[in-house]
Structure formats: C-alpha cells, structure tokens
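Here is how the chains run, residue by residue.
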Amino acid sequence: EYTQSLEVVTEASDAVEGGAYMQGLGAGAAAWFGALRMSVVPGELSGYTPEDTYLNLHLRSSLEGSATVIKVFEDSDGDGTIASGLDEVFTTKLAVNADGDWHRRSVLWSDLELELSGGNVSLDGQLDVEKVIRLDCTVSQMGTAQGTFGMDVDYVILTQSNPF
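Note that this is a predicted model, so its numbers are computed, not measured. By convention here, each chain's residues receive numbers from 1 onward along its written sequence. Given that the model is predicted, a residue must reach a pLDDT of at least 70 before its local features are reported, and side-chain atom pairs must reach 80 or more before they are shown or counted; all residues, however, enter totals for whole chains, interfaces and linings. To get the side-chain values, take all heavy atoms of the structure and skip hydrogens and water.

A. Structural view of the overall build of the chain. Assigned secondary structure in the chain consists of 0 helices and 10 strands. Here a strand is any run of E in DSSP of at least two residues, a helix any run of H or I of at least four, and the numbering for each starts at the N terminus. Counted from the first residue to the last, the chain has its helices and strands arranged as β-β-β-β-β-β-β-β-β-β. Radius of gyration: C-alpha atoms only; globule rule: 2.2 Å multiplied by the number of residues to the exponent 0.38. What you see for the chain is a C-alpha radius of gyration of 16 Å, in line with the 15 Å of a compact globule of 164 residues. Across its three principal axes, the chain shows a C-alpha extent of roughly 40 × 30 × 25 Å. Counting every position in the chain, which comprises 164 residues, the buried fraction comes to 43%. For the chain, the accessible area works out to roughly 8000 Å², and carbon and sulfur atoms hold 47% of it. Measuring between centres, the 8 positive side-chain charges of the chain sit 3 Å from its 26 negative side-chain charges. The buried label applies to any residue whose accessible area, calculated with a 1.4 Å probe on protein chains only, is under 20% of its type's maximum; exposed applies above 50%, and partly exposed to all values in between. The Shrake-Rupley method, run with a 1.4 Å probe sphere, supplies the accessible areas, and residue values consider only the shown protein chains as cover. Only four residue types enter the tally: Lys and Arg on the positive side, Asp and Glu on the negative side; His and the chain ends are excluded. Each charge is placed at NZ for Lys, CZ for Arg, CG for Asp and CD for Glu.

This is the structure in structure tokens:
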C-alpha cells in the first residue's frame, strides 16, 4: 500500500501545456503518496510578497477524495538546504475535483498557513518569499479513510499581482 506510482507522463496529447504532466497514485490511509518537487533559485522572487504571489496549477483526478497539499519551504537560516526544526514550511490543502477533467487552481501565498507538524518550527511565522527554495504539490487525500487516491498535475506557474 501507500505510493503505488509517481511518474511523469510524456508524449501526452491531453496535457494542459506542452506534452507532459506529473501523475501520482496511492492506496491506503496515508496522509500523502509522494510529491512533485520544484526548486526555486534563492532571490528569484525578489520583489514578490505573499500578498501578491500566486501559485497556479492544473489538477485532474477521477478518484473521489483525492487532494493535494501545497507546501512552500523557506531556507530560513540561509544555508541552502531545508532542515526540519530549522526552516519554516507553509501549506494549504486543496480538494481535487474527481470528474476526470483538468481544473485550474490558484493559491495566494498569504493564504498559506504555517505547518507545525513533522518537526517543523515557527521562527517568525511570516512567509518570506525571498527565502523560498522549494515548492511541493503532494498527492494526498481529504481525510484518513482507506482507499485509492491520485491526481495529475500540469502547468505549475507563479504569477505576481493576479492569478493566471
């Protein structure tokens, strides 16, 4: 049980943009089943603030109860790595519509909440966009029920001032 597959589907004519997307599938009562992890170059978001930064993505599923947890990781101590107990993590959970169609979702970073589970810490509790070095879109579920959950993720993009 747990993660059954996490892969990039290539030569995909049904991709939202380009010819590939990420697909994840898991079974059981786990909180998450893997993640699409995207690195951010420190300073790349200079001038962005949580109040004007949007994470935009396309999600698709045909499995009831599927979700994604968006995680934004700060390098709070500036050492170039993410370490539990030293760096802050901000999250939100989004239900994925189970109709088999792509749906565009936008998350304003000021709506993200400080994540304190799993050894994560609160340093100042404020998301500092210029310290962000990684974004995750995890394959998850809305509850803790036994079942099969999964989703596809495509065309993840950050925008400033307005959602995509």
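B. Representation of the pattern of salt bridges within the structure. Definition used for salt bridges: Asp or Glu carboxyl oxygen within 4 Å of a side-chain nitrogen of Lys or Arg. Applying the stated criterion to the full structure yields 4 salt bridges. Ionic pairing is found between Asp 152 and Arg 60, a salt bridge with its closest N-O pair at 2.8 Å. On the criterion of sequence distance, the pair formed by Asp 152 in strand β10 (residues 147–160) and Arg 60 in strand β4 (residues 53–60) is long-range, its members being 92 residues apart. For the residue pair Asp 152 and Arg 60, the accessibility class agrees, reading buried in each case. For the salt bridge of Arg 134 with Asp 136, the shortest nitrogen-to-oxygen distance reads 2.9 Å. Asp 136 matches Arg 134 in its accessibility class, with the two residues each being buried. It is possible to trace a salt-bridge network through shared partners that takes in Asp 14, Arg 60 and Asp 152.

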